[in-house]
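Residues per chain are reported as follows:
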Amino acid sequence: MTGPLNGAGPAASPADVVALAYEACSFDRRLMRSGTASLVWNSALSLARSGHRVSIVTPAHGQGDYLRRRYGARESGRAVVHTLPLCLDPAVWPRFRDSLGPRLTTRALHVRKDGVDLYFLTDAYLDAYPDTFYPPAADDGRRLEFCKPLAFQLAGIRFVRDRFRDRAAVIHAHEPLFHYLVPAAFTGDPLKRVVSAVATNHPVNTGVYRPQVSAALRSLGVDLDLEQYSDPPEEDGVLETAVRAHSAATGLDRPPRHDRQISFFSLVGDHADGIDFLCEGQQTFYTGFEDTPFAPRYRRLTVARVTERNAHKAFVGGCAVSDSWLARDERAVDRVGVLRGLGLDPALPVFYHAARYDIHHKGQLEMVRAIEQTLREGRRANFLLRCATTAKPDPYFQKVADDHPGSVRLAWDMAGEDTLFEQAAVADYCVFPSKYELDTFLIAQGEAMACGAVPIATAQYGTSHFGHAYDVRTAEATGFAVDRSFQEDDALLTRALVDRFRQAIDLFAQEPREYERLSGNARRTARRLTWERSAALRGARFDALFRAQDPPPPRPPRPRRPQAVPAVRAAMGAGAGTWSVSLECADALRVLAFVPGPAAGAPLRAQVLRPTGGGFTGTFPGEAPAQGVALLVTLSRGRSHWEVVAPARSTAA
């Protein structure tokens, strides 16, 4: 590095920032598969424009020939021949237990675009899965190419060590689940600082196989005590068992297969120099999991303690709508022509959704059910939906679209920015009912809002910066909020969306000035979140990492915000051949009881208790569980509370 990083305006001297990312090229839809690519590219571009010397290291994903034809890619540096150190988990890979790691020859293709140097790493593993980029879960334990993300980490580390050997640089590593080896690999290098960018809220306790991590680090010359990251033994109490049973299905939790797994995020927390979040809400959520069904389990895990002691490393680098999007003028789009071309009525309000197809994460199942119910009620509106996928179309979604051809337009393809902008520009509302807090900044929502679309969206921590509110009459509100959801098939979310669609349709038809106020608020809010601002925030933090003579002292533990405990009355009863459970709570919207399965040793089953007007109740066959039963109470605004009810003595004659 020839000079310090400067976060406000152009850098005083060029500085190296090396982005290490599994995908990075949102400028070309053939080279991207998720919104992470948009974050990586725009972050790199904004830093380059503010005067820093920026490089990106990413896999070629089998697109080498395309890169040569389209962008004139040329081979850079020397080919590296190496053996991928595999030490596979026998519980997952029984057929490959004694397998030798493959011998790989890794090359780099160089492209320079818009002031950024891109290095695409290519070999037999990094070119695997050219259609999906990401290995499908079905290949875990079956096909060695499933280890492609591990191969990229190791190849990327070696490439950076070689290419930037004598240069000070910030390694801006994106998505911790795809770079958990990187911080430890550069801990001993005085010229490098590693900043981990948390783009997606992967389950924080996702396990990586400890012997494999150890083998990979040893191949890099790093000896690290990994035993310190083991979790305490699992407890089998009523609450603990129920929390595990529920949380695993929500994307909040990924219970380890066995005690030889450690959390990927523990490695990042202890060894990264900085941890970069996209917004304040994401940082708050991902470092505490407050008000979620996962909270009591999280507090027991080693990763919670690691995160707490490294709280001083966390900062908000930000995210934004791309400059190219903001440079366009939505008023120049022919609304009537676009909607008629799609077979929709320009006189009706347009509800727009654009995301990858993921029925639970994106809340799409509940969204389509709510659309179907709204249209069956006779409400008149347009629904323009994009659910990008390379798989077969969802038959239920397609049936709803086919049943309402003049009201629902559904597309499954990955569209370019021209198409996305045109469709967002004709939207009056944008619908993003994401679940489980897996979305963070949510660029697609910001893009639609920047065109004036009023949001109908989940009141997540991670998207609170967009300003959608429960009370849309407040001065700064941008749109309508629905409660957070931590349920796979959530009738409460469907009901809330139906209610918001009704309100939005009525507002559009009956209160045009109020709609215009919300639309203006949405546009202004989204357009304040710029990449120039984000580059300043990151640049200032990167600069501070090199200016500090000594690492900052650990902060004292952050006081945990006291949880508001709802007033709950719960009881169990027993009768002749049956048992029952009941709960009263003024703030409860739904209660799940986790009851034993039909056979001994069967997993717990979640049973919805019946609302009674004054509470909730359920009756079950057999004997009451001797240890009691755990109840998951959904409170207003998507908050969660666990209640354990002790058994009662039998009242049978």
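Residues numbered from 1 in each chain as written. Predicted model: local features only at pLDDT ≥ 70, side-chain atom pairs only at ≥ 80, totals over all residues. Heavy atoms only, no water.

Undergrad: Even after reading the chapter, I still don't get the overall build of the protein chain, so can you show me in this structure?
TA: A count of helices and strands for the protein chain gives 19 helices and 26 strands. In terms of overall dimensions, the protein chain is globule-like: its C-alpha atoms have a radius of gyration of 26 Å, near the 26 Å expected for 653 residues. Along the first, second and third principal axes, the C-alpha atoms of the protein chain reach 80 × 60 × 45 Å. The proportion of buried residues among the 653 residues of the protein chain is 57%. Within the protein chain, contacts between residues separated by at least 24 positions form 75% of all contacts whose residues are at least 6 apart in sequence. In the form shown here, the protein chain has an accessible surface area of approximately 27,100 Å², with 51% of it arising from carbon and sulfur atoms. Across the protein chain, 79 positive and 74 negative side-chain charges occur, with their mean positions spaced 2 Å apart. (Helix = DSSP H or I, 4+ residues; strand = E, 2+ residues; numbered from the N terminus. Rg over C-alpha atoms; globule rule 2.2 N^0.38 Å. Buried < 20%, exposed > 50% of the residue type's maximum accessible area, 1.4 Å probe, protein only. Contact = heavy atoms within 4.5 Å. Areas by Shrake-Rupley, 256 points an atom, 1.4 Å probe, with all protein chains shown as cover. Lys, Arg positive; Asp, Glu negative; His and termini not counted. Charge placed at Lys NZ, Arg CZ, Asp CG, Glu CD.)

Undergrad: Looking at this model, I keep getting lost on the pattern of salt bridges. Mind explaining?
TA: Once their charged atoms are close, side chains differing in charge can pair, the charge on each being opposite to the other. By the definition in use, this model includes 46 salt bridges. In this structure, Asp-358 engages Arg-356 in a salt bridge whose closest nitrogen and oxygen atoms are separated by 3.0 Å. Residue Asp-358 is classed as partly exposed on the basis of its relative accessible area of 22%. For the salt bridge of Arg-369 with Asp-489, the shortest nitrogen-to-oxygen distance reads 2.5 Å. Here the residue Arg-369 occupies a position in helix H13 (residues 364-376), and Asp-489 occupies one in the loop between strand S18 (479-482) and helix H17 (491-510), the gap between them amounting to 120 residues. Arg-369 gets classed as partly exposed once you look at its relative accessible area, which sits at 30%. Judged by its relative accessible area of 43%, Asp-489 is partly exposed. Shared partners join several salt bridges into a network, and the residues in it are Glu-234, Asp-236, Arg-244, Asp-253 and Arg-297. (Salt bridge = Lys/Arg side-chain N within 4 Å of Asp/Glu carboxyl O.)

Undergrad: Is there a simple way to think about unusual backbone geometry in this case?
TA: Among all residues save glycine, negative phi is the norm, and among peptide bonds the norm is trans. Even without glycine at this site, Leu-442 takes up a positive phi of about 65°. Mapped onto the elements, Leu-442 comes out in the loop between strand S15 (429-432) and helix H16 (443-450). Judged by relative accessible area, Leu-442 falls into the buried class, the value being 11%. The phi dihedral of Arg-637 is positive, around 65°, even though this residue is not glycine. Mapped onto the elements of the fold, Arg-637 is located in the loop between strand S25 (629-635) and strand S26 (640-645).

Undergrad: Please explain the confidence of the model for the protein chain as it appears in this structure.
TA: Segments scoring low in pLDDT should not have their predicted coordinates read at a detailed level. Residues at a pLDDT of 70 or more form 94% of the protein chain, whose mean pLDDT is 92. Low confidence marks residues 1-14, where pLDDT is under 50. Its contacts with residues over four positions away, or in another chain, come to 36 contacts. (pLDDT = per-residue confidence, 0-100.)

Undergrad: Sorry if this is basic, but what is going on with helix H2 (residues 64-71) here?
TA: Residues spaced three or four apart along an α-helix face the same direction, because each turn holds 3.6 residues. Where H2 is concerned, the buried positions are Gly-64, Tyr-66, Leu-67 and Tyr-71. The buried residues of H2 occupy an angular sector of 160° when projected down its axis, which confines them to one face. For H2, exposure combined with an orientation more than 90 degrees from the buried face picks out Asp-65 and Arg-69. Immediately beyond the C-terminal end of H2, within one or two residues, lies Gly-72, with a positive phi of roughly 65°. (Arc of directions from axis to C-beta.)

Undergrad: Would you explain helix H14 (residues 395-403) in this entry?
TA: The complete set of buried residues in H14 reads Phe-397, Val-400 and Ala-401. The buried residues of H14 occupy an angular sector of 100° when projected down its axis, which confines them to one face. Pointing more than 90 degrees away from the buried face of H14 are the exposed residues Pro-395 and Asp-402. Of the residues that open H14, the one with a side-chain oxygen 2.9 Å from the backbone nitrogen of Tyr-396 is Asp-394. (Polar contact = N/O pair within 3.5 Å; in protein donor to acceptor, adjacent residues only side chain to side chain.)

Undergrad: I tried to follow the sheet that holds strand S7 (residues 192-198) on my own but got confused; where do I start?
TA: Hydrogen bonds along the backbone pair up the strands of a sheet, which may run parallel or antiparallel. One open sheet accounts for nine strands, arranged S3-S4-S5-S2-S1-S6-S7-S10-S11; its pairing is mixed. Every interior strand has two partners, whereas the edge strands, strand S3 (74-83) and strand S11 (314-316), have only one. When the angles between neighbouring strand axes are averaged without regard to direction, this sheet yields 25°. With seven bridges connecting them, strand S4 (residues 103-113) and strand S5 (residues 116-122) associate as antiparallel partners. Across the sheet, residue Ala-108 finds its bridge partner in S5, namely Leu-121. (Pairing = 2+ DSSP bridges. Axes fitted to C-alpha atoms, helices over the stretch in contact; angles between N-to-C directions.)

Undergrad: Please clarify how the packing of aromatic side chains should be interpreted in this entry.
TA: Any two aromatic rings considered together are summarised by their centre-to-centre distance and by the angle between their planes. All told, the structure shown has 33 aromatic pairs when counted by the stated rule. Aromatic pair Phe-441 and Phe-466: ring centres 5.3 Å apart, planes at 65°, arrangement edge-to-face. In this pair, Phe-441 is assigned in the loop between S15 and H16 and Phe-466 in the loop between strand S16 (454-458) and strand S17 (468-469), connecting sequence segments 25 residues apart. A residue is classified by how much of its surface remains accessible, and Phe-441, at 2% relative accessible area, is buried. When the ring centre of Tyr-129 is taken as origin, the NZ or CZ atom of Arg-143, which lies over that ring, is 4.7 Å away. The ring of Phe-546 has Arg-193 sitting right over it, with the charged end atom 4.7 Å from the ring centre. (Phe/Tyr/Trp six-rings, centres within 6.5 Å; stacked < 30°, edge-to-face > 60°. Lys NZ or Arg CZ within 6 Å of the ring centre and 35° of its normal.)

Undergrad: In this structure, what is going on with the packing of H13 against H14? I would like to understand it.
TA: Packed helix pairs are characterised by how far apart their axes lie and by the angle those axes make with each other. The N-to-C vectors of H13 and H14 enclose an angle of 25°; their axes lie 10 Å apart at closest approach. Considering the angle they form, H13 stands roughly parallel to H14. Remark: the crossing between H13 and H14 carries left-handed chirality. Each of Gln-364, Leu-365, Val-368, Arg-369 and Glu-372 in H13 lies in contact with H14, whose residues at this interface are Tyr-396, Phe-397 and Val-400. Its residues assigned to classes, the contact of H13 with H14 comprises five nonpolar, one polar and two charged. (Parallel < 35°, antiparallel > 145°, perpendicular 65-115°, else oblique. Left-handed = near helix turned anticlockwise from the far one by under 90°. Nonpolar A, V, L, I, M, F, W, Y, C, P; charged D, E, K, R; others polar.)

Undergrad: Would you take a moment to explain the side chain of Asn-310 for this structure?
TA: Mapped onto the fold, Asn-310 is located in the loop between helix H10 (302-309) and S11. Accessibility expressed as a relative area gives 7% for Asn-310, which makes it buried. At a separation of 3.2 Å, a polar atom in the side chain of Asn-310 contacts the main-chain carbonyl oxygen of Gly-269. Apart from the residues lying within four places of it in its own chain, the contact partners of Asn-310 are Gly-269 and Asp-270.

Undergrad: Honestly, the nonpolar core in this entry has me stumped. Any pointers?
TA: Generally speaking, a soluble globular protein has its nonpolar side chains buried in company with each other. Among the nonpolar cores identified, the biggest contains 72 residues, and Val-57, Tyr-180, Leu-181, Phe-265 and Tyr-286 are the most heavily contacted of them. Counting residues per element, this core draws most heavily on helix H3 (residues 148-163), which supplies eight residues. Counting 38 residues, the second largest nonpolar core, distinct from the first, contains Val-321, Ala-424, Ala-425 and Leu-529. (Core = buried A, V, L, I, M, F, W, Y, C linked by side-chain atoms within 4.5 Å.)

Undergrad: Hey, could you run me through the sheet that holds strand S21 (residues 588-595) in this one?
TA: Read across the sheet, four strands follow the order S22-S21-S25-S26 without closing on themselves; strand pairing throughout is antiparallel. Both edges of this open sheet fall to strand S22 (605-608) and S26, since each of them pairs with a single strand only. Averaged over all neighbouring strand pairs, the angle between strand axes comes to 30°, with direction disregarded. As paired strands, S21 and S22 are joined by four bridges and run antiparallel to one another. The partner of Ala-593 across the bridge, within S22, is Gln-607. Of the strands in this sheet, S21, S25 and S26 touch helix H6 (residues 238-247), which is tilted by about 140° from S26.

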